[in-house]
Amino acid sequence: MMTKEQINKLVTKYWAKEWPLTKDKQSYAFPPYEHRYDPISSGICYSFLRHFKPRVCLSVGTWLGGSVGVILKTLQKNNKDFIYITSELEPELQKKTLENVLQYYDQTPSMIGDITKNLDKVPSQLDFLFIDTNHDKETTEWIIENIFPRVKKKGLVAIHDFAILEIDG
């Protein structure tokens, strides 16, 4: 378990010094495609991955590749010898993710489509798991039952945003 102070030190050490800034040096530069992974979350993820240096990684849910780009850039910086697999349900989002990431990071992760139908393509041991699905109950339970057991002891798990159920009355 890390304190907020320890996390801030990692972010200062890695994100603040290494991630490209805009020309005015006031904000972080992301590729121009729609990027829903905000700078604070990106900075924490990047810094944790730089510090702990995972080699076998899985992202579930890619949207257009914002978080995929952050993770891929980090893995490239850490070590050229890594395995990075992504899963996305929607074929159009799969395509756009790979196009966006290739254009800005000169490499793509392996895209396996629907993870619930491609468990055989997921490594048996993961150093890092990133979850950014629509967080429906069925998929979330499936991930907990089938993917969490593959995360190594002391492996990293990041979950981006969450679903909120509104109940009337």
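See above for the structure.
Thresholds, definitions, all that
- Residue positions within a chain follow its written sequence, with the count starting from 1.
- Reporting in this predicted model follows two pLDDT cut-offs: at least 70 for local features of residues, and 80 or more for side-chain atom pairs to be given and counted; totals over whole chains, interfaces and linings ignore these cut-offs and use all residues.
- No hydrogens and no water enter the side-chain calculation; it runs on all heavy atoms of the structure.
- Per the convention used, a helix needs a DSSP run of H or I reaching at least four residues, while a strand needs a run of E reaching at least two, with both numbered from the N terminus.
- For this measure, only C-alpha atoms enter the radius of gyration; the expected value for a globule follows 2.2 Å times N^0.38, where N is the number of residues.
- Burial here depends on accessible area, computed with a 1.4 Å probe over protein chains only, as a share of the maximum for the residue type. Under 20% is buried, over 50% is exposed, and the range in between is partly exposed.
- Throughout, a contact is declared for two residues whenever any of their heavy atoms are within 4.5 Å.
- Surface accessibility follows the Shrake-Rupley procedure with a 1.4 Å probe radius. Residue values consider only the protein chains on display as shielding.
- Two strands are said to pair when DSSP picks up at least two bridges between them.
- Helix axes are fitted to C-alpha atoms over the stretch in contact, other axes to C-alpha atoms as well, and angles between N-to-C directions run from 0 to 180 degrees.
- Patches here are clusters of residues that have more than 30% relative accessible area and form no salt bridge, with a 9 Å joining cutoff for like charges and a 5 Å cutoff for nonpolar side chains (Val, Leu, Ile, Met, Phe, Trp, Tyr).
- Criterion for a salt bridge: a side-chain nitrogen of Lys or Arg within 4 Å of a carboxyl oxygen of Asp or Glu.
- Put simply, two rings from Phe, Tyr or Trp (the six-membered ring, in Trp's case) pair if the centres are within 6.5 Å, and we call them stacked under 30 degrees between planes, edge-to-face over 60, tilted for the rest.
- Charge-over-ring placement is defined geometrically: NZ (Lys) or CZ (Arg) within 6 Å of the ring centre, and within 35 degrees of the ring normal.

Undergrad: Could you clarify how one ought to interpret the overall build of the protein in this entry?
TA: When helices and strands are counted, the protein shows 6 helices and 5 strands. Starting at the N terminus, the α and β elements of the protein follow one another as α-α-α-β-α-β-α-β-β-α-β. In terms of overall dimensions, the protein is globule-like: its C-alpha atoms have a radius of gyration of 16 Å, near the 15 Å expected for 169 residues. Buried positions account for 44% of the 169 residues belonging to the protein. Of the contacts made within the protein by residues no fewer than 6 positions apart, 77% connect residues no fewer than 24 positions apart. A total accessible area of about 10,200 Å² is found for the protein, and carbon and sulfur atoms account for 53% of it.

Undergrad: I tried to follow the sheet that holds strand 1 (residues 56–60) on my own but got confused; where do I start?
TA: Two modes of strand pairing occur in sheets, parallel and antiparallel, and in both the strands are linked by backbone hydrogen bonds. Strand order in this open sheet of 5 strands is 3-2-1-4-5, and the pairing throughout is parallel. The outermost strands of the open sheet, each flanked by one partner alone, are strand 3 (110–111) and strand 5 (151–159). Note that strand 1 and strand 4 (residues 126–131) share 4 bridges and pair parallel. Within strand 4, the residue paired with Cys 57 across the bridge is Phe 128. Running at roughly 175° to strand 2 (residues 83–87), helix 4 (residues 66–78) makes contact with strand 1, strand 2 and strand 4 of the sheet.

Undergrad: Sorry, what's going on with a nonpolar patch on the surface here?
TA: A cluster of nonpolar side chains, Ile 144, Phe 148, Val 157 and Ile 159, forms an exposed patch at the surface whose accessible area comes to about 340 Å². Relative to the helices and strands, Ile 159 is located in strand 5.

Undergrad: Looking at this model, I keep getting lost on the pattern of salt bridges. Mind explaining?
TA: Note on pairing: side chains with opposite charge can pair once their charged atoms come close. Under the counting rule described, the total for this entry stands at 8 salt bridges. With a closest N to O distance of 3.6 Å, Glu 99 and Lys 96 form a salt bridge. Separated by 3 residues within a single helix, Glu 99 and Lys 96 lie in helix 5 (residues 91–105), roughly one turn from each other. On the accessibility criterion, Glu 99 (35% relative accessible area) is partly exposed. Since its relative accessible area comes to 31%, Lys 96 is described here as partly exposed.

Undergrad: Explain the environment of Val 151 to me, please; I cannot follow it from the model alone.
TA: Residue placement: Val 151 occurs in strand 5. In this structure, the C-alpha to C-alpha distance between Val 151 and Asp 127, residues 24 residues apart in sequence, is 6.0 Å. With residues up to four places along the chain from it excluded, the contact list for Val 151 reads Leu 126, Leu 129, Leu 156 and Val 157.

Undergrad: How should the packing of aromatic side chains be read in this particular structure?
TA: Describing an aromatic ring pair means giving the distance of the ring centres and the angle of the ring planes. Tallied over the entire structure, the rule returns 7 aromatic pairs. A ring pair is formed by Trp 15 and Tyr 46, whose centres lie 5.6 Å apart and whose planes are at 65°; its orientation type is edge-to-face. Here Tyr 46 lies in helix 3 (residues 39–52) and Trp 15 lies in helix 2 (residues 15–18), a separation of 31 residues in the sequence. Each ring, one from Tyr 37 and one from Phe 130, has its centre 5.4 Å from the other, and the planes form 85°; the classification is edge-to-face. Placement of the pair is Tyr 37 in the loop between helix 2 and helix 3 and Phe 130 in strand 4, with a sequence separation of 93 residues. By the burial criterion, Tyr 37 is buried, and Phe 130 matches it. Pairwise contacts between aromatic rings join Trp 15, Trp 19 and Tyr 46 into one cluster. We note Arg 36 situated over the ring of Trp 63; from NZ or CZ to the ring centre the distance is 3.9 Å. In this structure, Lys 73 packs its charged tip against the face of Trp 19, placed 5.5 Å from the ring centre.

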